[in-house]
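Structural description and commentary
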Amino acid sequence: MIRSGYNLTHLKVLEAESIHIIREVAAEFERPVMLYSIGKDSAVMLRLAQKAFYPGRLPFPLLHVDTTWKFKAMIEFRDRYCREQGLDLKVWTNQEGIAQGINPFDSGSKKHTDIMKTAALKQALNHYQFDAAFGGARRDEEKSRAKERVYSFRDRLHQWDPKNQRPELWNLYNSKVNKGESIRAFPLSNWTELDVWQYVHLENIPIVPLYFADVRPVVERDGTLIMVDDERMRLLPGEVPMMKKVRFRTLGCYPLTGAIESNATTLPEIIEEMLLARNSERQGRVIDHDETGSMEQKKREGYF
Amino acid sequence: MQQVDFSQEDIHTYLARHQRKELLRFLTCGSVDDGKSTLIGRLLHDTKMIYEDQLAAVKRDSEKVGTTGAGEIDLALLTDGLKAEREQGITIDVAYRYFSTDRRKFIIADTPGHEQYTRNMATGASTCQLAIILIDARHGVMTQTRRHSFIVSLLGIRHVVVAINKMDLVDYSREVFERIKEEYTGFVAKLELHDVTFIPMSALKGDNVASKSNTMPWYSGPPLLDHLETVHIAGDRNLTDFRFPVQYVLRPNLNFRGFAGTIASGVLRKGDEVMVLPSGKRSTVKSIVTYDGELEEAFAPQAVTLTLADEVDVSRGDMLVFPDDQPHVSSEIEAMVVWMAEQPFVPGRPYTLKSTTRQVTAEVASFRYGVDVNTLEHRPIARLALNEVGHVQLSLTQPLAFDPYRINAATGAFILIDRLTNNTVGAGMILEGGAGKSQGDVWATEPAARLKLRESQITPAEREQRYGQLPVTVLLVGLTGSGKSQIAYALERRLWDAGRAVTVLYGQNMRQGLNRDLGFTADDRSENLRRSAEVAKLMNDAGIITIAAFVAPHAAVREKAKQLIGPERVLEVFCTAPIEVLRSRDKSGAYEMADAGNIAQMPGVTAAFEEPKSPDLVLQTDQISVEDSVNRILEVMKSKGYFPNSSSAS
Ligand SMILES: Nc1nc2c(ncn2[C@@H]2O[C@H](COP(=O)(O)OP(=O)(O)O)[C@@H](O)[C@H]2O)c(=O)[nH]1
């Protein structure tokens, strides 16, 4: 297929571009890190990085910001996969947040995310003095991301200023930052959700089992199915966990992540379901529901 | 995400088909309100890329802020970006959108049509293969249309679709479509745009966007989407010249030393001999390594890792090429630059230049000319301000390997980075002959000795007899605003009406054709006059009277021009007036720009004008009319015997 007339399929073009970006960042920054969220996008990004430096190892560590509220299956997957692949994984948790007893139930989704995710990430970046952080975000995810650069510039406070972003031409990325400043690099910028799934399928990339439908204990809250992943889940009066065949379109903190009822147990079935879906991916994320433009707000504050 | 119907085929067939899609990136450009957002919304909607929740949100918003009539969905709202912008009702910056059909995946670079247009358009265009230029059918080709087309051509986009939109508002009229098409074709001839397709449409109603409309039976071409799916793009890449900018050196263990990078152009096979630039060292390719196995052959734009047979020194920023097909290597480059920062581009300041994977320090050697993005006119400049475009000569601290952008965009493009702010401030496209053009005195350069001059069989006497005139060059010189061109064209008219064979060579016109590569430095002005003098000579040799209107500020250069044409065939006419009059007459704004420091070496302001010492005629154009001036020139021509056997020329 590749040979005929020297043409590449769109996935091969995207792959080559992403590898180019990953190598550029590794070559031009002093202390890059790859943010690893354990989701499918991270899985694809990680595979692309392995391709970029093959037969060498990754010249940077992975960083997982652990809120301590992730699904158990995510953490198991993370530890096993990183061990198997010989990856240098760093895990960071905001200990002050833990000490203050921040949790999704009492603190609310916004505060929990702010402290355990956004602030925690900043702490980790400062602690290790990373000057470039790869993220697996895509431009098709959300309207406000459509203008995001591949190299997204952050000031000393890790803030994103929409007015202070650099024009980005061709594949010539500007890596100049002063001490303390940094960039977020998004190698998957031009991928769509379908591209990611197709790539996972084609390349046989292992992903967390939660993406596949299975019978799981859930409760229905404000029209969203929340999985009872451990004993910390607080049930409201009258709430009884039911066993339902569900799966997740995105993964995060389990009390804040909605499941969908599904029978899809293979990748083609997941893709089929997605193609037939009538609502966008982000609906499953509770944090986005407050208001339009909330992603933009989060980005300014330093969350992705 | 596209929604599909699985009653026709199963998911496996679907996936197999979709794995083979090609990628097409295109740019949409239009002025505010031409319907760009509506068109993009329409494409996304009609290819089923919109989810119900998104559509519901747009329906809600349509009632609040939409501009369409009651009940209609404002599809433009689907593509609006950040919240603040949405509230202001404008879009800034470049936004990327994604959709796909059965045949291709598309990436749209959506660039807004207002103030920051040049910068944003250049940014969006840099990665695109095709541009859609929107024209509102009611307004036709506008200044912005020219500007958009110029930038599209500047950035080397090879395929253009002119979308003549809002056809519903002109009764789907074929005449309107044809008129706009003709008008556009006329002006685009000056630009390097080759594949131009015109499509009449209504983005609002969906006519000829995703499907063919029966409102315009006279249009036989494809709807927009069909064209986007089938336009031939495979030939756009340069697969001829192998270029491999080294990105990263991989040394996982003592036995492996690989050079990782993206093939910028060309095709490479295992065993090929390669040369490292700039060092010039040679070796052969031992293996082409990828995670998915070794390759026998690789091509642009694949990302691979190469190992070489020999221990040659190679580091990031070097380029591997074939010894028999090398790029230019030079520390002087000529380029078109688009300026993107508030602070202007000025000489005497070092910038970081990044081209492929190489960074060098660059400084302006000279500004050759600026291009007015609206009129495409060239004018002298001393700096480049935000959103301006100019031809610049740059000096680099280290040599750079490059190709002209037109031949190889991947190795002909660069960005400029400000060293204080770290901002990306300029985008450059290296020009042909970028290796530094000959700076010597062309006037004095002798043609190669082996070249022989062949004489025409027609003698000057025969020509004189046929035309009833002796050929002469009337050289009108003088500062901007001195009335040269007005007099030149009035004189041409009078001579023509009297039956003479006559033509005008006007400096500004010459600069748009034969001399379009020249700027306004003293050297370039001299070259402008030299070439024009060569043309005047050819005209005179052909028996034709030539009226040449040039500023020609330097006496020595004028003298050379006279010698070239033949002193006996030149009438020198000096047009002059007090400087206040010149300034008040000038409509081009050149004097004010020169005062403000925006034009370098403007004769009469920041550069000298050496007045002719013994012209054949001096015209004080503030004291006599154009008609009188013409009369006086005719008298001199007559008295010098250029009109044998005729009593009167007028
Ligand atoms: N009648 C008609 N109106 C259109 C068409 N396309 C766009 N419009 C309207 O023109 C206005 C400007 O459109 P918009 O897409 O926002 O323009 P933009 O500024 O180029 O993005 C809106 O009111 C649209 O509804 C069309 O084909 N026909």
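Scope of this entry: the structure provided in the associated data block. Worth saying up front: this structure is predicted, and the values here are computed from it rather than measured. (Residues numbered from 1 in each chain as written. Chains lettered and ligands numbered in written order. Predicted model: local features only at pLDDT ≥ 70, side-chain atom pairs only at ≥ 80, totals over all residues. Heavy atoms only, no water.)

A word on the interface of chain B and chain A
- Counting from both sides, the interface comprises 88 residues of chain B and, opposite them, 81 residues of chain A.
- Both sides of the chain B and chain A interface together cover about 7,100 Å² of buried area, and 57% of this is carbon and sulfur.
- If you look at where chain B meets chain A, you find seven salt bridges.
- Glu24(A) is paired through a salt bridge with Arg316(B); the nearest N and O atoms lie 2.9 Å apart.
- Run the count over chain B and chain A and you get 33 residue pairs in polar contact (both at pLDDT 80 or more).
- In terms of residue count, the dominant contributor to the side of chain B that touches chain A is helix 1 (residues 11-18) of chain B (five residues).
- Classifying every residue of the side of chain B that touches chain A gives 41 nonpolar, 27 polar and 20 charged. (Contact = heavy atoms within 4.5 Å. Buried area = accessible area lost by both parts, 1.4 Å probe. Salt bridge = Lys/Arg side-chain N within 4 Å of Asp/Glu carboxyl O. Polar contact = N/O pair within 3.5 Å; in protein donor to acceptor, adjacent residues only side chain to side chain. Helix = DSSP H or I, 4+ residues; strand = E, 2+ residues; numbered from the N terminus. Nonpolar A, V, L, I, M, F, W, Y, C, P; charged D, E, K, R; others polar.)

A few points about the sheet that holds strand 5 (residues 159-165) of chain B
Residue and element names in this part refer to chain B.
- Strand order in the open sheet formed by six strands is 2-3-1-4-5-6, with mixed pairing between adjacent strands. Edge positions in the open sheet fall to strand 2 (95-100) and strand 6 (195-200), since each of these has one partner strand only. With direction set aside, neighbouring strand axes in the sheet form an average angle of 25 degrees.
- Across seven bridges, the pairing between strand 1 (residues 22-29) and strand 3 (residues 104-110) is parallel. Note that in strand 3 the partner of Leu23 across the bridge is Lys105. (Pairing = 2+ DSSP bridges. Axes fitted to C-alpha atoms, helices over the stretch in contact; angles between N-to-C directions.)

A short note on the nonpolar core
- Trp170(A), Phe26(B), Leu27(B), Val152(B) and Tyr184(B) are the most contacted members of the largest nonpolar core, which has 168 residues in total.
- Element by element, the count of residues in this core is highest for helix 1 (residues 10-28) of chain A, at nine residues.
- Dropping the residues within four chain positions of it, Tyr184(B) is found in contact with Ile133(B), Ile135(B), Val141(B), Thr145(B), Ser149(B), Val160(B), Val162(B), Leu193(B), Val196(B) and Phe198(B).
- Within the second largest apolar cluster, 27 residues are counted, among which are Leu475(B), Leu505(B), Phe550(B) and Leu564(B). (Core = buried A, V, L, I, M, F, W, Y, C linked by side-chain atoms within 4.5 Å. Buried < 20%, exposed > 50% of the residue type's maximum accessible area, 1.4 Å probe, protein only.)

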